Amino acid sequence: MSVDAVTGQQVVTIHTDGGCRPNPGPGGWGAVLRFGEHVREMYGGEREATTNNRMELTAPIMALETLNRPCTVHVFTDSTYVRSGITSWLAGWKRNGWKTSTKQPVKNADLWQRLEAACERHEVEWFWVKGHAGVADNELADQLATRGVEEATREAPSR
């Protein structure tokens, strides 16, 4: 069981991934949540054109929103965009009225705001992991994201 070194609380670990085929195009996201002996796999997708970044953001949002009580959470992502955005860029974007340093609107502001809200009731620490490097839960999250794309793009059955 994972325990946070600072708080001494049990930790929920979340591994996330997202992607599109092609980018932009139909997309999928996946997440693996672990708490003690409990494991939950989640995935979903969008049939309409989306982007890799939107799917990378959707995965931790969906995982964090599923937690039904405040937790200490370690989120692992292979997206430097997600990790840098939530840990470094978000405060500046908010100060600048959701504009970048070049005064352009922040891309995916709707999802950044939703991710920030999903983090508010938890103690969240963010970690970057190299994708496709043998990290088991990152590989599983990638497989789940692929399943999300596949299911989103399957034709609806005839009635």
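Above this text you will find the structure in question.
In this report, we go over the structure that sits alongside the text. (Residues numbered from 1 in each chain as written. Predicted model: local features only at pLDDT ≥ 70, side-chain atom pairs only at ≥ 80, totals over all residues. Heavy atoms only, no water.)

1. A closer look at the sheet that holds strand β2 (residues 25-35)
The 5 strands are arranged β3-β2-β1-β4-β5 in an open sheet whose pairing can be described as mixed. Two strands lie at the open edges of the sheet, namely β3 (38-50) and β5 (123-128), each paired on one side alone. Averaged over all adjacent pairs, the angle separating strand axes in this sheet is 20°, with direction ignored. The strands touched by helix α2 (residues 80-95) are β4 (72-77) and β5; relative to β5, the strand with the most contacts, the crossing angle is about 140°. (Pairing = 2+ DSSP bridges. Helix = DSSP H or I, 4+ residues; strand = E, 2+ residues; numbered from the N terminus. Axes fitted to C-alpha atoms, helices over the stretch in contact; angles between N-to-C directions. Contact = heavy atoms within 4.5 Å.)

2. Details of the pairing of β2
Burial of β2 is extensive: 9 of the 11 residues sit out of reach of the surface. Both strand β1 (residues 11-20) and β2 contribute to a ladder of 8 bridges, which runs antiparallel. Paired with T13 across the two strands is R34, which belongs to β2. Sheet topology note: the β2/β3 ladder contains 10 bridges and is antiparallel. Bridging from a neighbouring strand, V32 pairs with E41 of β3. The turn joining β2 and β3, which pair antiparallel and follow one another in sequence, is formed by 2 residues; a positive phi near 60° is taken by G36. (Buried < 20%, exposed > 50% of the residue type's maximum accessible area, 1.4 Å probe, protein only.)

3. Digging into the pattern of salt bridges
Evaluated as defined, the whole model comprises 4 salt bridges. In this structure, R54 and D110 form a salt bridge, with 2.9 Å as the shortest nitrogen-oxygen distance. Taken together, the positions of R54 in helix α1 (residues 52-66) and D110 in helix α3 (residues 109-119) put the pair 56 residues apart, joining distant regions of the chain. Relative accessible area serves as the criterion here: at 44%, D110 is assigned to the partly exposed category. A salt bridge links E116 to K94, with the shortest nitrogen-to-oxygen separation between them at 2.5 Å. Of this pair, E116 sits in helix α3 while K94 sits in helix α2; the two residues are 22 residues apart in sequence, bridging distant segments of the chain. Taking the relative accessible area as the measure of exposure, K94 reaches 41% and is therefore partly exposed. (Salt bridge = Lys/Arg side-chain N within 4 Å of Asp/Glu carboxyl O.)

4. Details of the side chain of E56
Looking at the secondary structure, you find E56 in helix α1. Despite being buried, E56 has no salt bridge partner; R21 is the closest side chain of opposite charge, sitting 12 Å away. Polar side-chain contacts of E56 include one of 3.4 Å to the backbone nitrogen of G18. (Lys, Arg positive; Asp, Glu negative; His and termini not counted. Polar contact = N/O pair within 3.5 Å; in protein donor to acceptor, adjacent residues only side chain to side chain.)

5. Topic: unusual backbone geometry
In this structure, P22 follows R21 across a cis peptide bond, with omega equal to -15°. Here P22 shows up in the loop between β1 and β2. Cis geometry marks the peptide bond from N23 to P24; its omega dihedral reads -5°. Inspection of the secondary structure assignment puts P24 in the loop between β1 and β2. One non-glycine residue with positive phi stands out, namely W98, at about 60°. For W98, the position within the fold is in the loop between α2 and α3. With a relative accessible area of 18%, W98 lands in the buried category. The residue K103 is not glycine, and still its phi comes out positive at about 70°.

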